[in-house]
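Fold and contact review
Each chain, written out:
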Amino acid sequence: MFKKMVYYQRYHQWRKGDVPFVCENNKRVARPKLLFLVLLSFISFSFILAPLFFTSAPTLSLLYSFGFENEGVVSKSDVYASVCSFVSNGSICCDRSSIRSDICVMKGDVRTDSASSRITLYRSNGYGSQVIGASGENDKIFQHEKIKPYTRKWEKSVMDTIDELDLVTKGENSAIHQKCDVHHDVPAVFFSTGGYTGNLYHEFNDGILPLYITSQHFNKKVVFVILEYHDWWISKYENILPHLTEYPIIDFRGDNRTHCFPEAVVGLKIHDELTIDASLMGRNKTIRDFRDMLDRAYLPRIRGLIQEEEHETQLDMNISALSPSAKTKIETTEEKRDVKKPKVVIIARNDSRAILNEDSLVKMAEGIGFQVEVLRPQRTTELARIYRALNSSDVMIGVHGAAMTHFLFMRPDSAFIQIIPLGTDWAADTYYGLPARKLGLRYIGYKILPQESSLYNEYEKSDPVLTDPDSVNNRGWEFTKKIYLDRQNVKLNLRRFHKRLLRAYYYSMAKKKGHLHHQNQ
């Protein structure tokens, strides 16, 4: 099954003999057996405490159990994991136990060298019991770690494209050969925006969300240093990044100066449960806190957009005094903005998995009583505009794909209708359906019939592509992608889909009436 294949891809364990973590400051290396015993003890202990979490107040949920305080701040021990909770000055601690990512912590005199892809930690000559003799020994490398700071560690094909960093420790006398060009008095977080960056789902699940979790305990007193830096990525998330750091972001490859930090976190640490798709495990408060942060991030820009539109409307009204047709246009626009009508946003696709009868869908939704807006997100589309459209909507409709990540932009209690093409059942529910429900949305899945797929006209009616998609998915991801993701469009059975849309309409109207009734009381 497709589900089993993806599960194996994401969660297969490290090979026999791999070392889960190295910590120089205590000179011990954990063995797999020991790690297993510790993990087993932790799981047992968790079962003992589980009733406390499930019977206590909501505040004692995910964030608190993982070290979050009331404000949603992540503790250092959670971010670095227990093995690297306490890192002594002049040492490197690497935690490689996570299936998703490695993370290393360097504490002390940390200096960058982008030309050699190296980050050096200079430690005092009296470090530990080590006594440095001849000056030549100061150039000796005492510890050497390699790390690719990206959060899809289990996926070799994409990790092969990620730049690798060398982390080394040397004696302090060696530092005279590497002068600091820029001194920073706050820590740094090094990470990559390579890999699947460019795909909205991966940008959030493998980038923005892990970055949010890793950086929270710094309270914005942290410098982000990016490998495989993209100007467009910085522009795209310009509203979010100031809520994570107060400092300018550094392009590791593009800035050849030596930057010096008192501490460095290399890689993004994220618990397996703390991802968009893993909200199904019930650990969803971090996602909700993250969602609240998005509200704060985009609110100022949305206010600006509203002011711009009001200014344009005023200009149109001035013109209307001279042009009756313009006045009619404004009145028509205001009618469409009738606040009593629930608003549905249709996320349209321009390539594969497009809704072929989109125009008919729009007319049907308007006939039911919806105010309809069709969004066609492009790579250059400002996220604040998408955020505003969805945050003001009552219903979102879209075909399964990365753009469904926009459900994070919707208000709790809104409705989300996901159209599920052939061969995508498990992924649609795992990556968007279950997380949407955990986020407080009213989720409605619409699984298409073979006759609603464009594949119906390409294959014999008895072909497994139509009758048994699981058997096709079991052949490998390349078949899933080639057939069900890249070559499939959807022509909705509008009579059948009408039932889902009507359900969303009644739900939205009931919510509006309930809200208005509550306001009047």
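Further up the page is the structure itself.
Our subject in this report is the structure included herewith. (Residues numbered from 1 in each chain as written. Predicted model: local features only at pLDDT ≥ 70, side-chain atom pairs only at ≥ 80, totals over all residues. Heavy atoms only, no water.)

1. A look at the overall build of the protein chain
Each helix and strand counted, the protein chain has 16 helices and 17 strands in total. Expressed as a percentage of its 521 residues, the buried residues of the protein chain come to 49%. Expressed as a percentage of contacts within the protein chain between residues at least 6 apart in sequence, the contacts between residues at least 24 apart total 75%. Carbon and sulfur atoms make up 53% of the accessible area of the protein chain, which amounts to about 25800 Å² in all. (Helix = DSSP H or I, 4+ residues; strand = E, 2+ residues; numbered from the N terminus. Buried < 20%, exposed > 50% of the residue type's maximum accessible area, 1.4 Å probe, protein only. Contact = heavy atoms within 4.5 Å. Areas by Shrake-Rupley, 256 points an atom, 1.4 Å probe, with all protein chains shown as cover.)

2. A look at helix H12 (residues 425-438)
Its 14 residues place the ends of H12 18 Å apart at the C-alpha level, agreeing with the 20 Å of an ideal helix rising 1.5 Å per residue. If you look at H12, its biggest bend is around 30°, right at Tyr431, and the proline Pro435 turns up within four residues after that. Here H12 has its buried residues at Trp426, Ala427, Ala428, Thr430, Tyr431, Tyr432, Gly433, Pro435 and Ala436. Count one or two residues on from H12 and you reach Gly440, which has phi positive near 95°. (Expected span 1.5 Å × (residues − 1). Bend = angle between axes of the 7 residues up to and from the residue.)

3. Points about the pattern of salt bridges
Summed over the entire model, instances satisfying the criterion amount to 26 salt bridges. For Asp394, the salt bridge is made with Lys512, and the minimal N-O distance between the two is 3.9 Å. Taken together, the positions of Asp394 in the loop between helix H11 (383-391) and strand S15 (395-399) and Lys512 in helix H16 (residues 494-520) put the pair 118 residues apart, joining distant regions of the chain. Asp394 sits in the buried class, given a relative accessible area of 4%. It is possible to trace a salt-bridge network through shared partners that takes in Arg96, Asp102, Glu145 and Lys153. (Salt bridge = Lys/Arg side-chain N within 4 Å of Asp/Glu carboxyl O.)

4. With respect to the state of the cysteines
Counted under the stated rule, the structure contains three disulfides. Between the sulfur atoms of Cys84 and its disulfide partner Cys93 the distance amounts to 2.2 Å. The sign of the S-S torsion, about -85°, decides the handedness of the disulfide formed by Cys84 and Cys93: left-handed. Neither Cys84 nor Cys93 differs from the other in exposure class; each is buried. The disulfide that involves Cys180 links it to Cys260, with 1.9 Å between the sulfurs. In this structure, the disulfide formed by Cys180 and Cys260 twists by about -100° around the S-S bond and is classed as left-handed. (Disulfide = S-S within 2.5 Å.)

5. Concerning the pairing of strand S9 (residues 188-192)
Among the five residues of S9, five are classified as buried, and the element is accordingly described as predominantly covered. Where S9 lies against strand S10 (residues 223-227), five bridges are found, and the strand directions are parallel. By the bridge assignment for S10, Phe191 is matched with Ile226. For the crossover from S9 across helix H6 (residues 200-215) to S10, the handedness is right-handed. The pairing of S9 with strand S12 (residues 259-266) spans three bridges and is classified as parallel. If you follow Val189 over to S12, its bridge partner there is Val265. (Pairing = 2+ DSSP bridges. Right-handed = clockwise from strand over helix to strand, strands pointing away.)

6. Details of the side chain of His202
Here His202 shows up in helix H6. Here Asp206 takes part through its side chain, which lies 2.7 Å from a polar atom of the side chain of His202. Leave out the neighbours within four places in its chain, and His202 touches Arg152, Tyr196 and Gly207. (Polar contact = N/O pair within 3.5 Å; in protein donor to acceptor, adjacent residues only side chain to side chain.)

7. Details of the pairing of strand S5 (residues 118-123)
Counting buried residues in S5 gives five out of six residues, a clear majority hidden from the surface. Pairing geometry for strand S4 (residues 103-113) and S5, over five bridges, is antiparallel. Within S5, the residue paired with Asp109 across the bridge is Tyr122. Hairpin connection of S4 to S5: four residues between the antiparallel strands, including Ser117 at a positive phi of 55°. Across six bridges, S5 lies against strand S7 (residues 165-171) in parallel orientation.

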